[in-house]
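Examining the three-dimensional arrangement
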Amino acid sequence: MKPLVEAIAVSKHYAVQTGGFMRRQTIPLRAVDGVNLRIHPGETLGLVGESGCGKSTLGRMLIRLVPTTDGTILFDGTDITSLGPKELRATRRGMQIVFQDPFGALNPRMTVEDIIMEPLLIHGARANAETRTKVTDMLGLVGLPARARERFPHEFSGGQRQRVGIARALVLHPRFVVCDEPVSALDVSVQAQIVNLLADLQAELGLTYLFIAHDLGVVKHISTRVAVMYLGKVVEIADKRALYDAPLHPYTQALIAAVPVAHPALRAQARQQRQRIAGDIPSALHPPSGCRFHTRCPHVMPVCKTQEPAVTEPVPGHQVACHLIG
Ligand code: SF4
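Now for a quick tour of the structure. What you see is a predicted model, and the numbers here were worked out from it, not measured in a lab.

Let's talk about unusual backbone geometry
- Positive phi is not limited to glycine here, since D76 has a value of about 50 degrees.
- Relative to the helices and strands, D76 resides in the loop between β4 (70-75) and β5 (78-79).
- The phi dihedral of H173 falls on the positive side, at around 55 degrees, and the residue is not glycine.
- Mapped onto the elements, H173 comes out in the loop between α5 (158-170) and β7 (176-180).

Brief notes about the side chain of R161
- Here R161 shows up in helix α5.
- Engagement of the side chain of R161 in a polar contact is seen with the backbone oxygen of F156, the distance being 3.2 Å.

Considerations on the pattern of salt bridges
- Applying the stated criterion to the full structure yields 14 salt bridges.
- Between E43 and R225 there is a salt bridge whose closest N-O contact spans 2.8 Å. A residue pair is termed long-range when its members are at least 10 positions apart, and E43 in the loop between β2 (25-39) and β3 (44-48) and R225 in strand β9 (residues 225-230) qualify at 182 residues.
- E43 gets classed as buried once you look at its relative accessible area, which sits at 7%.

Thoughts on the packing of α5 against helix α6 (residues 188-205)
- At their nearest, the axes of α5 and α6 sit 10 Å apart, and the two run at 20 degrees to each other. Taken as axis vectors, α5 and α6 run roughly parallel relative to one another. Pair α5 / α6 crosses with right-handed handedness. Along its contact with α5, which presents G159, Q162, R163, I166 and L170, the element α6 presents V190, Q193, I194, L197, L198, L201 and L205.

Criteria and thresholds
Sequence order as written defines residue numbering, which begins from 1 separately in each chain. Local features are withheld for residues below a pLDDT of 70 in this predicted model, meaning they are given only at 70 or higher, and side-chain atom pairs are given and counted only at 80 or more; totals for whole chains, interfaces and linings count all residues. Side-chain measures here rest on the full set of heavy atoms in the structure, leaving out hydrogens and waters. A helix here means a DSSP run of H or I that spans at least four residues, while a strand means a run of E at least two residues long, and both kinds are numbered starting from the N terminus. Under the rule applied, a polar contact is a pair of N or O atoms within 3.5 Å (in protein, one hydrogen donor and one hydrogen acceptor; residues adjacent in sequence only if both atoms are side-chain atoms). The term salt bridge refers to a pairing of a side-chain nitrogen on Lys or Arg with a carboxyl oxygen on Asp or Glu at a separation within 4 Å. For the exposure calls, accessible area comes from a 1.4 Å probe over protein chains only, and a residue counts as buried if that area is under 20% of its type's maximum, exposed if over 50%, partly exposed in between. Between N-to-C directions, angles cover 0 to 180 degrees, with each direction set by a line fitted to C-alpha atoms, over the stretch in contact for helices. When an angle is under 35 degrees it counts as roughly parallel; over 145 it counts as roughly antiparallel; between 65 and 115 it counts as roughly perpendicular; any other value is oblique. Note: crossing handedness is left-handed where the near helix turns anticlockwise from the far helix by less than a right angle, and right-handed where it turns clockwise. Throughout, a residue-residue contact means that at least one pair of heavy atoms, one from each residue, lies within 4.5 Å.

So, in structure tokens, the structure goes:
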């Protein structure tokens, strides 16, 4: 099947100044480094990794909110990395984002109606009765009453604000939506409601999602496939079932062990496995040589310290970058 979104060897490097006055030097921070990704129409690709691994940067690059340093991004076959401002604006209608922080993402001085209507006005609509009807329709779609139009963001709970953020993202009828940790800032009790709402909207509107989260527990319900990122690299991609039942990369195995376990008998085993991934994620300014996970990997071998593992596909559709699999 032809992908709706495709990233080909995309990288994002930021120039960072380090050192004191006499020793100042500029070095690249490799936030995303040579990533290949395909997202098919109608699917949800879960993108998981620890804070600072580059997943949000990658998500924003896919809709060109962040420009790429290298590589190509195709949206429905069009290379969006080389589009001029006018063409990009037209293409942007089809690609939207739901932000993590429903408190910070909405302008506190605008009414809900103005917040949801703004993208329509930017794309040429007029603030007339027809446009206001679209806003009311969107509110109904995300489970908010029509009277919410006249209210301000601070009058809503976190979950309701995220519903407003979703309505704003969907009002232009996009085909592809980057959901950038849309439930991380919400109470656990509300998280499932928002994930279920996004799943319902996907089924109703035929949406394609990139769903970013920092743990595998959150994306399990909604994802079709899951990609795991570590220090700017995608280290494993597979169908959801294959990834959760038979993860191949030691980092994915550690993330799965970190997902809270309900059954007491399995909890002790999970805790034991969790202890294996000690230490913090290294700085992207000075990524480890060879396999970037080698400083924390329980299976590290001499080759891991010098050679970057190539991406292999030991089972059709299941890709992994690890010297243990090759
Ligand atoms: Fe561990 Fe080596 Fe595989 Fe990296 S390549 S995950 S260090 S075994």
